[in-house]
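# Residue-level structure breakdown
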Amino acid sequence: MTTLLHLDSSARPGTSANQSFGSHTRRLAARFVAGWRAAHPDAAVIHRDLGAEPPQHVTGEWIHAAFTKPEQRLPWMDAVLRESDQLIDELCAADVIVAGVPMYNFNVPAQFKAYIDNIVRVGRTFGFDRARAGAPYWPLLDQDRKSFVILSSRGDHGYSQGQRIAHMNHVEPSITTALRYIGITDVHGAAVEFDEFGDGRLRASIVAAESQVDELVAQLGAQRHPASDS
Ligand SMILES: Cc1cc2nc3c(=O)[nH]c(=O)nc-3n(C[C@H](O)[C@H](O)[C@H](O)COP(=O)(O)O)c2cc1C
């Protein structure tokens, strides 16, 4: 049985599949989840809506607590880290993570950055030992073979690798850097473009992204269940 963690982070609540001002990233992520459920009826799905309920931002208390050894933490420190622990527990339980992440000002929305800040945590998802020569930091999730799918959307176009304004896209690159740091290296994605034009190019971009989503469902499913496909 696989566990799929479904993250949404658009500030727009509905999906563009059934609402004229709905979110494209919610649409793509919902399609991935529906495809995954259809292919793997026994899969567990955890849904976390970071757009509707943003995680807490890192505070001075959070830093103090996170950098105190677990056995030395005071009760207030455990309380401050509770949400981060829960987000990390969900991530650890997941085999596949699908995240809807729009582009806001060339980067991820603040609510998604708050998620990253809560799951990249010393002692839980990465190790740190300043006495360790050469490699004081190391990933803690690198044995889990997790796959991460980033489903994005942007108003303009030309942000994909090798295209006109790829250098201005800090969405997929920043997420991938943080994931690699904690040991998640199997990262995939698809994106809608032209949202702000709202013309045939947007419609074509949605069709192309949806087809990439379907391919990813099949590809990652075969990766997880090679025997059942033969
Ligand atoms: C606050 C904000 C900032 C945005 N910044 C950019 C941007 O830097 N570049 C861009 O191409 N589109 C930008 N857009 C457009 C969104 O990326 C686009 O509407 C996308 O479809 C939003 O994702 P969603 O459909 O899942 O809500 C921005 C939209 C908002 C609301």
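Computed from a predicted structure; not experimentally measured. (Residues numbered from 1 in each chain as written. Predicted model: local features only at pLDDT ≥ 70, side-chain atom pairs only at ≥ 80, totals over all residues. Heavy atoms only, no water.)

## A short note on the packing of helix 3 (residues 75-93) against helix 4 (residues 110-119)
Two numbers describe how helix 3 lies on helix 4: the axes approach to 8 Å, and their chain directions differ by 85°. By the criterion of interaxial angle, the relationship of helix 3 to helix 4 is roughly perpendicular. Contacts between helix 3 and helix 4 involve Ser84, Leu87, Ile88 and Leu91 from the former and Tyr115, Asn118 and Ile119 from the latter. Along the lines of polarity and charge, the residues of the contact of helix 3 with helix 4 split into five nonpolar, two polar and no charged. (Axes fitted to C-alpha atoms, helices over the stretch in contact; angles between N-to-C directions. Helix = DSSP H or I, 4+ residues; strand = E, 2+ residues; numbered from the N terminus. Parallel < 35°, antiparallel > 145°, perpendicular 65-115°, else oblique. Contact = heavy atoms within 4.5 Å. Nonpolar A, V, L, I, M, F, W, Y, C, P; charged D, E, K, R; others polar.)

## Regarding the sheet that holds strand 1 (residues 3-8)
Overall, parallel pairing links the five strands, which are arranged 2-1-3-6-7 in an open sheet. The strands lining the two open edges of the sheet, one partner per strand, are strand 2 (44-49) and strand 7 (186-192). Across this sheet, the average inter-strand angle for adjacent strands is 15°, counted without regard to direction. Against the sheet, helix 5 (residues 171-182) touches strand 3 (96-102), strand 6 (147-153) and strand 7, its axis set at about 160° to strand 6. (Pairing = 2+ DSSP bridges.)

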